[in-house]
Amino acid sequence: MATPSPLGLLAELTHRCPLACPYCSNPVMLDAVEYELDTTAWSRVFDEAAALGILHVHLSGGEPLARRDLATLSRAARSAGLYTNLITSGLGLTAAKAEALAAAGLDHVQISFQDSAPEQNDAVAGRSGAYSRKRAAAECVVRAGLPLTINIVVHRGNIGRIGEMVTLAMELGAGRVEIAHVQYYGWASKNRAALLPTRPQVEDALAEVAALRDRYRERIAIDSVPPDYFARYPKACMGGWGRRSINITPLGKALPCHAAESIDGMEFWSVREHSLRDIWLHSPAFNAFRGSDWMQEPCATCARRDIDFGGCRCQAFLLTGNARAPDPVCHLSRDHGMLAKLVDAASPQPFVFRSRRAIDRQAPLMMGIQT
């Protein structure tokens, strides 16, 4: 079977970040700034991505605004013919920077909020004043004439405020709001017990999202990513392993998905030594779970194997220790029962942050974690 061409590129420009979110899906061990790909290397990657058939690039991190060459990189990606989307916390985004990015050809901005309530937002972010700075950044984006999406990651502590989050997005002038439940990879896996919502919370949230879509269909687009642990079938993670997208880390390693480094024993080629085309077609990591030959039962003979592609490989590995195992989210998996146990074991408790400083800032504001 011919290898399909990728559509998207996630460019992790840096792992530097002013926040300390406990649900961060970046690796536990972050890439050091002194080894980040430079401007020339990223510009070459963007050219190679366009030649490979990629249509859009997400400029991400960490916090991509930590890169002083962000406008230059945006211009390079746009010059390559790629649709450019900046994924940012908003901290550090001034009116001047927003205008410079717009002039460089940036197409879209996505700003993340931790909550619709300022105090809870700052508590989860581990940064005092983060909420007000995010609002100011959103205003700069809109004034610069850039389309805006608001992203809010949902967990036990804020799942009851989805309606307020949608209202916030509309107040800020966003054309789209993304309601994404926590994915338990990287650092987020350390906080799974504190972040997992209850089943009644999830059921209420799904019903509320449906009602909000109906109520505001003419005003704002509402995207929602349901939580895996409460599903009957797994998601088609990344549209299938090595089928639609490429993720480049700050050091230049090419991954089939954002969390792929969590799987032990995988070999990831770097854009420092290989072209993007060579990586896409021939690297061991991208070919590891393409097609269905690798699948175990019940996936191997399942009618859905070309729909969900066996589910998430990273999740299968993290929960079972076997990256070839059926994703435990699937009710047909022999490991499906472990998800109910994990949900039952979840409870309100202090978050584990990346730094002692962030924990100290957070300590007086633990009300962000609620039952």
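Residues numbered from 1 in each chain as written. Predicted model: local features only at pLDDT ≥ 70, side-chain atom pairs only at ≥ 80, totals over all residues. Heavy atoms only, no water.

1. Considering the packing of aromatic side chains
Move 1: All told, the structure shown has seven aromatic pairs when counted by the stated rule.
Move 2: Each ring, one from Trp-241 and one from Phe-289, has its centre 5.0 Å from the other, and the planes form 90°; the classification is edge-to-face. One end of the pair, Trp-241, is in the loop between β7 (221-225) and β8 (245-248); the other, Phe-289, is in the loop between α10 (284-287) and α11 (313-320), with 48 residues separating them in the sequence. Each member of the pair, Trp-241 as well as Phe-289, is classed as buried.
Move 3: Taken together, the ring pairs connect Trp-241, Phe-289 and Trp-294 into an aromatic cluster. (Phe/Tyr/Trp six-rings, centres within 6.5 Å; stacked < 30°, edge-to-face > 60°. Helix = DSSP H or I, 4+ residues; strand = E, 2+ residues; numbered from the N terminus. Buried < 20%, exposed > 50% of the residue type's maximum accessible area, 1.4 Å probe, protein only.)

2. As for the sheet that holds strand β6 (residues 176-181)
Move 1: If you trace the nine strands from one edge of the open sheet to the other, you get β7-β6-β5-β4-β3-β2-β1-β8-β9, paired in mixed fashion. Whereas interior strands pair on both sides, the edge strands pair on one side only; in this sheet they are β7 and β9 (254-255).
Move 2: The sheet contact formed by strand β5 (residues 148-154) and β6 spans six bridges and is parallel. Of the residues in β6, the one forming a bridge with Ile-152 is Ile-179.
Move 3: Each of β1 (8-12), β2 (56-60) and β8 is contacted by helix α1 (residues 39-52), which is oriented at about 170° to β1, the strand it contacts most. (Pairing = 2+ DSSP bridges. Contact = heavy atoms within 4.5 Å. Axes fitted to C-alpha atoms, helices over the stretch in contact; angles between N-to-C directions.)

3. Description of the pairing of β8
Move 1: By the alternation rule, side chains of β8 split into Ser-245 and Asn-247 and Ile-246 and Ile-248, which are all buried.
Move 2: Pairing of β1 with β8, which is carried by four bridges, proceeds in the parallel orientation. Across the sheet, residue Gly-8 finds its bridge partner in β8, namely Ser-245.
Move 3: Relative to β9, β8 is paired through two bridges, and the arrangement is antiparallel. Of the residues in β9, the one forming a bridge with Ile-248 is Ala-254.
Move 4: Hairpin connection of β8 to β9: five residues between the antiparallel strands, including Gly-252 at a positive phi of 105°.

4. Quick word on the confidence of the model for the chain
Move 1: For the chain, the mean per-residue pLDDT works out to 92, and 95% of the residues sit at or above 70.
Move 2: Predicted confidence for residues 356-371 stays below pLDDT 50, and this span has 34 contacts to residues more than four positions away or in other chains. (pLDDT = per-residue confidence, 0-100.)

5. As for the environment of Ala-205
Move 1: Residue position: Ala-205 is located in helix α8 (residues 199-215).
Move 2: For Ala-205, a relative accessible area of 3% corresponds to the buried category.
Move 3: Between the C-alpha atom of Ala-205 and that of Val-154, which follows or precedes it by 51 residues, the distance is 9.7 Å.

6. Some words on the nonpolar core
Move 1: Residues Phe-46, Ile-150, Ile-246 and Ile-248 are the most contacted members of the largest nonpolar core, which totals 89 residues.
Move 2: Setting aside chain neighbours within four positions, we find Ile-248 in contact with Leu-9, Leu-10, Ala-11, Glu-12, Leu-37, Trp-42, Val-45, Lys-253, Ala-254, Val-271 and Leu-276. (Core = buried A, V, L, I, M, F, W, Y, C linked by side-chain atoms within 4.5 Å.)

7. Observations regarding the side chain of Ser-283
Move 1: Position of Ser-283 relative to the elements: it lies in the loop between α9 (276-282) and α10.
Move 2: Since its relative accessible area comes to 1%, Ser-283 is described here as buried.
Move 3: A polar contact is formed between the side chain of Ser-283 and the backbone oxygen of Ile-279, at a distance of 2.7 Å.
Move 4: Apart from the residues within four sequence positions on either side, Ser-283 is in contact with Trp-269 and Asp-278. (Polar contact = N/O pair within 3.5 Å; in protein donor to acceptor, adjacent residues only side chain to side chain.)

8. Remarks on the packing of α1 against helix α2 (residues 70-79)
Move 1: At a minimum axis separation of 8 Å, α1 and α2 run at an interaxial angle of 25°. Classed by the angle they form, the pair α1 and α2 counts as roughly parallel. Judged by the sense of rotation from one axis to the other, the crossing of α1 with α2 is right-handed. Contact with α1, carried on its side by Thr-39, Trp-42, Ser-43 and Phe-46, involves Thr-72, Leu-73, Ala-76 and Ala-77 of α2 and no other residues of that element. (Parallel < 35°, antiparallel > 145°, perpendicular 65-115°, else oblique. Left-handed = near helix turned anticlockwise from the far one by under 90°.)

9. Remarks on the pairing of β2
Move 1: One ladder, built from five bridges, connects β1 with β2; its direction is parallel. Paired with Ala-11 across the two strands is Leu-59, which belongs to β2.
Move 2: Read from β1 through α1 to β2, the crossover connection turns out right-handed.
Move 3: The β-α-β motif built from β2, the intervening α2 and the parallel element strand β3 (residues 83-88) has right-handed crossover chirality. (Right-handed = clockwise from strand over helix to strand, strands pointing away.)

10. So, the environment of Ser-245
Move 1: Among the structural elements, Ser-245 can be located in strand β8.
Move 2: Residue Ser-245 is classed as buried on the basis of its relative accessible area of 13%.
Move 3: Non-local contacts of Ser-245, meaning those with residues more than four positions away in its chain, are made with Pro-6, Gly-8, Met-238, Pro-256, Trp-280 and Phe-286.

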